[in-house]
Amino acid sequence: MKKRVIVEEIKVKSLHDRIKKIRIILPKDYFVTEKTYPVLYMHDGQNLIDPSKFSNHSWEVLKSMDELHDYTKGVIIVGIDADPKRRILEYSPALAKPVIPYLIKTQGLSKDEIRPEADEYGEFIVNQLKPKIDSEYRTKKNKENTYIAGSSCGGIISLYLGIKYQNIFSCIGAFSSALTITRKPLYKYIENKGIEDHLKIYMDMGTKENGIMSFQMVYLQRKIYRFIKKIMNEKNILSVLDKGATHSEVYWAKRFPDFLKFCFKK
């Protein structure tokens, strides 16, 4: 039986040949048909099938793909593993000042190494990874069939890149976005860029994301939802508040099928 999960390593040209692992997760009928499929690019690829070392749970994307196969007619998911030390940098278009000492202390980075890498990471996805996937797999290549999603800082980078590359993506999934990492610069960027009528945005937050900080996270989620809703087609935005949910793959896995249905809804 041919493998449905293919793991490769790739040198990221835009990030000085940094090595990154990618995981291509194929729909269950990929090897018994010649049809083409939409593609969903996801961050933190190491946790899509394998359990996270923090929560001991995964996104269970393979299970959700199979359960929703009749609805979606199949989707290819491309998981991009996070860099162990530079995850926040790769996933951030801007950094709030308190983040810098946190990265120095917890990741052992020098101050000179700390700068947003969202644009370089996005260049990798759009100009290196997507062409590779489109050439090696049977994909639907247009923006109507190309999506992007992630959680926490991965939610931030999904919003940023999905809006930056509206010619590439048509649906964004921002799960439990770490909106404390970047605030005003993200708002300013979205306002200046504008949002086209075709773009669909799913965003969510749990009410117990992070202990005493949960209230702030819910507040920031509601704030950015109201902001984005004003400048886009209201029919194409969905905000979910998950009562009792924590900042964990347990709940992202639970909500992931709703995101897929949202992207595929005609």
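You'll find the structure just up there.
Below is a short write-up of the structure. (Residues numbered from 1 in each chain as written. Predicted model: local features only at pLDDT ≥ 70, side-chain atom pairs only at ≥ 80, totals over all residues. Heavy atoms only, no water.)

Comments concerning helix α7 (residues 184-193)
If you check which residues of α7 are buried, you get L186, Y187 and I190. An end-on view of α7 places all buried positions within 100° of arc, on one side of the element. Residues K184, K188 and N192 are exposed on α7 and point more than 90 degrees away from its buried face. Looking at the buried residues of α7, the elements they touch are α6 (153-164) and α8 (214-230). Directly after α7, the chain includes G194, whose backbone phi takes a positive value near 80°. (Buried < 20%, exposed > 50% of the residue type's maximum accessible area, 1.4 Å probe, protein only. Helix = DSSP H or I, 4+ residues; strand = E, 2+ residues; numbered from the N terminus. Arc of directions from axis to C-beta. Contact = heavy atoms within 4.5 Å.)

Some remarks on the sheet that holds strand β5 (residues 146-151)
Spatial ordering of the open sheet is given by β1-β2-β4-β3-β5-β6-β7-β8, a layout of eight strands whose pairing is mixed. Looking at strand neighbours, the two that pair on one side only are β1 (5-12) and β8 (237-242), the edges of this open sheet. Strand-to-strand twist across the sheet, computed as the mean angle between neighbouring axes with direction ignored, equals 15°. Bridge count for strand β7 (residues 200-206) against β8 is six bridges, and the pairing is parallel. In the sheet register, M205 faces β8, and the bridge partner there is L241. Running over the sheet, helix α5 (residues 118-136) touches β1, β2 (18-25), β3 (39-43), β4 (76-80) and β5 and is turned about 135° from β1. Relative to β5, α6 is tilted by about 155°, and along the sheet it contacts β3, β5, β6 (171-175) and β7. (Pairing = 2+ DSSP bridges. Axes fitted to C-alpha atoms, helices over the stretch in contact; angles between N-to-C directions.)

Some remarks on the state of the cysteines
For the structure shown, the criterion picks out one disulfide. Here C171 connects covalently by a disulfide to C263, the sulfurs 2.2 Å from one another. On the S-S bond that ties C171 to C263, the torsion sits near -85°, and the link is left-handed. Of this pair, C171 sits in strand β6 while C263 sits in helix α9 (residues 249-264); the two residues are 92 residues apart in sequence, bridging distant segments of the chain. On the basis of relative accessible area, C171 is assigned to the buried category, the value being 1%. Overall, the relative accessible area of 8% leaves C263 in the buried class. (Disulfide = S-S within 2.5 Å.)

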